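# Examining the three-dimensional arrangement
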Amino acid sequence: MPRLTELESSLLAQLRVDGRAPVSVLAQRLKVSRTTVTRLMSKLEASGVILGYTVRTHEDTEPGIIHALSNLEVERNSTRKVSLRLGGIPEIQTIHTTNGEWDLILELRCANLADFDRVLGKIRSVPGVVNSQTNLLLTTVAR
(Lines give C-alpha, C1' and ligand atoms only; values in the text may rest on other atoms or scores of the structure.)
Protein backbone atom coordinates (compact mmCIF):
# COMPACT_ATOMS: atom_id res chain seq x y z
CA MET A 1 0.00 0.00 0.00
CA PRO A 2 1.23 3.49 -0.77
CA ARG A 3 2.08 5.83 2.08
CA LEU A 4 -0.70 8.41 2.46
CA THR A 5 -0.18 12.15 2.53
CA GLU A 6 -1.80 14.24 5.25
CA LEU A 7 -4.40 15.46 2.75
CA GLU A 8 -5.22 11.91 1.62
CA SER A 9 -5.64 10.81 5.25
CA SER A 10 -7.92 13.78 5.91
CA LEU A 11 -10.00 12.94 2.83
CA LEU A 12 -10.38 9.32 3.99
CA ALA A 13 -11.45 10.54 7.44
CA GLN A 14 -14.13 12.72 5.84
CA LEU A 15 -15.34 9.84 3.66
CA ARG A 16 -15.57 7.55 6.71
CA VAL A 17 -17.93 10.06 8.33
CA ASP A 18 -20.02 10.54 5.18
CA GLY A 19 -19.17 8.48 2.12
CA ARG A 20 -21.91 10.26 0.17
CA ALA A 21 -20.61 13.78 0.79
CA PRO A 22 -20.48 15.76 -2.46
CA VAL A 23 -17.04 16.57 -3.83
CA SER A 24 -17.79 20.28 -3.37
CA VAL A 25 -18.47 19.77 0.36
CA LEU A 26 -15.33 17.64 0.79
CA ALA A 27 -13.28 20.31 -1.00
CA GLN A 28 -14.68 23.00 1.27
CA ARG A 29 -13.97 20.99 4.44
CA LEU A 30 -10.42 20.20 3.29
CA LYS A 31 -9.82 23.72 1.96
CA VAL A 32 -8.79 22.51 -1.50
CA SER A 33 -10.36 22.62 -4.96
CA ARG A 34 -12.98 20.15 -6.19
CA THR A 35 -10.48 19.09 -8.87
CA THR A 36 -7.98 18.16 -6.15
CA VAL A 37 -10.57 16.07 -4.29
CA THR A 38 -11.65 14.32 -7.49
CA ARG A 39 -8.02 13.61 -8.43
CA LEU A 40 -7.21 12.25 -4.95
CA MET A 41 -10.28 10.01 -4.89
CA SER A 42 -9.41 8.59 -8.31
CA LYS A 43 -5.81 8.01 -7.20
CA LEU A 44 -6.90 6.29 -3.96
CA GLU A 45 -9.36 4.08 -5.86
CA ALA A 46 -6.79 3.15 -8.54
CA SER A 47 -4.14 2.28 -5.95
CA GLY A 48 -6.53 0.07 -3.98
CA VAL A 49 -6.65 2.25 -0.88
CA ILE A 50 -10.36 2.92 -1.43
CA LEU A 51 -11.95 -0.44 -2.18
CA GLY A 52 -15.49 0.83 -2.51
CA TYR A 53 -18.30 2.77 -0.92
CA THR A 54 -20.90 1.15 1.27
CA VAL A 55 -23.87 1.77 3.50
CA ARG A 56 -23.75 1.29 7.25
CA THR A 57 -27.11 0.59 8.83
CA HIS A 58 -28.26 0.71 12.41
CA GLU A 59 -28.51 -2.80 13.84
CA ASP A 60 -32.18 -2.23 14.71
CA THR A 61 -33.08 -1.97 11.01
CA GLU A 62 -32.35 -5.67 10.56
CA PRO A 63 -33.99 -7.42 13.51
CA GLY A 64 -32.84 -10.94 14.12
CA ILE A 65 -29.46 -10.57 12.44
CA ILE A 66 -26.75 -12.22 14.53
CA HIS A 67 -23.37 -10.46 14.75
CA ALA A 68 -20.44 -12.30 16.30
CA LEU A 69 -16.67 -12.43 16.60
CA SER A 70 -14.97 -15.79 16.29
CA ASN A 71 -11.38 -16.33 17.46
CA LEU A 72 -9.57 -19.22 15.80
CA GLU A 73 -6.42 -21.14 16.52
CA VAL A 74 -5.03 -22.87 13.44
CA GLU A 75 -2.35 -25.48 12.87
CA ARG A 76 1.17 -24.16 12.43
CA ASN A 77 1.81 -22.69 8.96
CA SER A 78 -1.80 -23.16 7.81
CA THR A 79 -3.14 -19.63 8.36
CA ARG A 80 -3.20 -18.74 4.66
CA LYS A 81 -4.81 -22.03 3.61
CA VAL A 82 -7.45 -21.78 6.35
CA SER A 83 -8.14 -18.12 5.50
CA LEU A 84 -8.74 -18.99 1.85
CA ARG A 85 -11.22 -21.72 2.80
CA LEU A 86 -13.00 -19.44 5.26
CA GLY A 87 -13.25 -16.75 2.59
CA GLY A 88 -15.75 -18.94 0.79
CA ILE A 89 -18.27 -18.73 3.64
CA PRO A 90 -20.51 -15.74 2.83
CA GLU A 91 -21.53 -15.08 6.45
CA ILE A 92 -17.91 -14.27 7.31
CA GLN A 93 -17.68 -10.52 6.75
CA THR A 94 -13.97 -10.08 7.52
CA ILE A 95 -10.98 -12.22 8.43
CA HIS A 96 -8.18 -10.69 10.47
CA THR A 97 -4.81 -12.20 11.37
CA THR A 98 -3.74 -11.33 14.89
CA ASN A 99 -1.11 -11.96 17.52
CA GLY A 100 -1.46 -13.60 20.91
CA GLU A 101 -3.41 -16.72 21.75
CA TRP A 102 -5.54 -16.66 18.58
CA ASP A 103 -4.36 -16.73 14.97
CA LEU A 104 -7.48 -15.38 13.24
CA ILE A 105 -10.45 -13.25 14.24
CA LEU A 106 -13.59 -13.48 12.11
CA GLU A 107 -16.49 -11.07 11.97
CA LEU A 108 -19.72 -12.99 11.36
CA ARG A 109 -23.17 -11.85 10.24
CA CYS A 110 -25.87 -14.51 10.25
CA ALA A 111 -29.59 -14.39 9.48
CA ASN A 112 -30.68 -16.13 12.70
CA LEU A 113 -29.49 -18.56 15.39
CA ALA A 114 -29.96 -21.63 13.19
CA ASP A 115 -27.84 -19.99 10.49
CA PHE A 116 -25.26 -19.03 13.15
CA ASP A 117 -25.08 -22.64 14.36
CA ARG A 118 -24.63 -23.89 10.78
CA VAL A 119 -21.85 -21.36 10.10
CA LEU A 120 -20.00 -22.30 13.30
CA GLY A 121 -20.13 -25.93 12.19
CA LYS A 122 -18.66 -25.00 8.81
CA ILE A 123 -15.88 -22.94 10.43
CA ARG A 124 -14.95 -25.71 12.87
CA SER A 125 -14.87 -28.30 10.08
CA VAL A 126 -12.30 -26.40 7.99
CA PRO A 127 -9.09 -28.47 7.91
CA GLY A 128 -6.43 -26.75 10.03
CA VAL A 129 -8.80 -25.16 12.55
CA VAL A 130 -7.67 -26.43 15.95
CA ASN A 131 -9.70 -24.39 18.43
CA SER A 132 -12.30 -21.62 18.43
CA GLN A 133 -14.09 -19.25 20.74
CA THR A 134 -17.06 -17.27 19.47
CA ASN A 135 -18.85 -14.37 21.12
CA LEU A 136 -22.20 -12.90 20.10
CA LEU A 137 -22.24 -9.11 19.88
CA LEU A 138 -25.25 -7.87 21.84
CA THR A 139 -25.32 -4.07 21.69
CA THR A 140 -23.08 -1.66 19.80
CA VAL A 141 -22.46 1.27 22.13
CA ALA A 142 -20.02 3.17 19.88
CA ARG A 143 -18.69 2.90 16.35
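The rules behind these values
Residues numbered from 1 in each chain as written. Predicted model: local features only at pLDDT ≥ 70, side-chain atom pairs only at ≥ 80, totals over all residues. Heavy atoms only, no water. Helix = DSSP H or I, 4+ residues; strand = E, 2+ residues; numbered from the N terminus. Pairing = 2+ DSSP bridges. Contact = heavy atoms within 4.5 Å. Axes fitted to C-alpha atoms, helices over the stretch in contact; angles between N-to-C directions.

## Re unusual backbone geometry
Even without glycine at this site, Lys31 takes up a positive phi of about 60°. Positionally, Lys31 belongs in the loop between α2 (23-30) and α3 (34-46). One non-glycine residue, Asn77, lies in positive phi territory at about 65°. In this fold, Asn77 is placed in the loop between β1 (66-74) and α4 (79-86).

## Focus: the pairing of β1
As judged from the 7 bridges shared by β1 and strand β3 (residues 104-110), these two strands associate in the antiparallel manner. Within β3, the residue paired with Leu69 across the bridge is Glu107. Summarising the sheet, β1 and strand β4 (residues 129-136) pair through 7 bridges and their orientation is antiparallel. Paired with Asn71 across the strands is Gln133, a residue of β4.

## Some thoughts on the side chain of Asn71
Structurally, Asn71 can be placed in strand β1. Excluding residues within four positions of it along the chain, Asn71 makes contact with Trp102, Leu104, Ile105, Asn131, Ser132, Gln133 and Asn135.

## Comments concerning the sheet that holds β3
Judged by pairing direction, the sheet is antiparallel, and its 4 strands sit side by side in the order β2-β3-β1-β4 without closing on themselves. The open sheet has two free edges, formed respectively by β2 (92-97) and β4, since each of these has just one partner strand. Each neighbouring strand pair of the sheet contributes to a mean axis angle of 20°, computed without reference to strand direction. Note that β2 and β3 share 5 bridges and pair antiparallel. Residue His96 lies in a different strand from β3, and its bridge partner there is Ile105.

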